[in-house]
Amino acid sequence: MAKFLVEVPHEAEQRACALAVEILFKTGSHWLTNAEWGCLDGEHKGWVIVDVDSKEEARSVLPPIYRSRAKIVKLNKFSMEDIEEILRHHQPQEKAG
């Protein structure tokens with residue numbers, strides 16, 4: 001399974017915020033009832049992290065009204081060894097003088 005960040009935007013009106021939260025709560029989904037919200041800081045979006053097999057599956061967790069507007073990002077972690085390997089293979093090019 002992979003981990004995905006699901007971002008759900010909504011309109012910047014107080015009623016729109018309340019409706020977005022209500023719709024996600026009413027899904028009954030554990031993921032959606034535990035969403036984090038940015039509304040009180042002027043960022044009218046909700047975020048959840050889900051462990052599923054694909055972006056399509058992450059999108060399907062959402063109510064249909066939000067699926068087309070949602071941004072789905074596959075998350076990953078790097079180890080120091082990963083970074084050292086990347087840097088070894090991508091050394092800066094020397095400039096011709």
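The rules behind each value
Residues numbered from 1 in each chain as written. Predicted model: local features only at pLDDT ≥ 70, side-chain atom pairs only at ≥ 80, totals over all residues. Heavy atoms only, no water. Helix = DSSP H or I, 4+ residues; strand = E, 2+ residues; numbered from the N terminus. Buried < 20%, exposed > 50% of the residue type's maximum accessible area, 1.4 Å probe, protein only. Contact = heavy atoms within 4.5 Å. Pairing = 2+ DSSP bridges. Polar contact = N/O pair within 3.5 Å; in protein donor to acceptor, adjacent residues only side chain to side chain. Salt bridge = Lys/Arg side-chain N within 4 Å of Asp/Glu carboxyl O. Expected span 1.5 Å × (residues − 1). Arc of directions from axis to C-beta.

### Structural notes on the environment of Cys39
Looking at where Cys39 falls in the secondary structure, it is placed in the loop between strand S2 (36-37) and strand S3 (45-52). Relative accessible area serves as the criterion here: at 15%, Cys39 is assigned to the buried category. Taking C-alpha positions, Cys39 is 9.7 Å from Ala18, a pair spaced 21 residues apart along the chain. Residues contacting Cys39, with those up to four places away along its chain left out, are His10, Cys17 and His44.

### A word on the sheet that holds S2
One open sheet holds the 4 strands; their spatial order is S2-S3-S1-S4, and the pairing between them is antiparallel. Of all the strands in the sheet, the pair left with one neighbour each is S2 and strand S4 (71-75). Note: strand S1 (residues 2-9) against S4, 5 bridges, orientation antiparallel. The residue bridging Leu5 from the neighbouring strand is Val73, located in S4.

### Observations regarding the side chain of Glu7
Residue position: Glu7 is located in strand S1. In this structure Glu7 comes out as buried when scored by relative accessible area, which is 17%. Looking at Glu7, its side chain comes within polar contact range of the side chain of Trp47, at 2.9 Å.

### Thoughts on the pattern of salt bridges
According to the stated counting rule, one finds 5 salt bridges in the structure shown. A salt bridge links Lys26 to Glu22; the nearest nitrogen and oxygen atoms lie 3.3 Å apart. Of the two residues, Lys26 and Glu22 both sit in helix H1 (residues 14-26), 4 residues apart, roughly one turn of that helix. By relative accessible area, Glu22 is classed as partly exposed at 35%. The salt bridge partner of Glu43 is Lys45, with a shortest N-O separation of 3.1 Å. Members of the salt-bridge network, linked through shared partners, are Glu7, Glu43 and Lys45.

### Looking at H1
Relative to the 18 Å expected for 13 residues at 1.5 Å per residue, H1 spans 18 Å between its end C-alpha atoms, a close match to the ideal helical length. If you check which residues of H1 are buried, you get Ala16, Cys17, Ala20 and Leu24. End-on, the buried residues of H1 take up no more than an arc of 105°, which puts them together on one face. Exposed and facing more than 90 degrees away from the buried side of H1 are Gln14, Arg15 and Lys26. Phi turns positive, to about 80°, at Gly28, one or two residues after H1.

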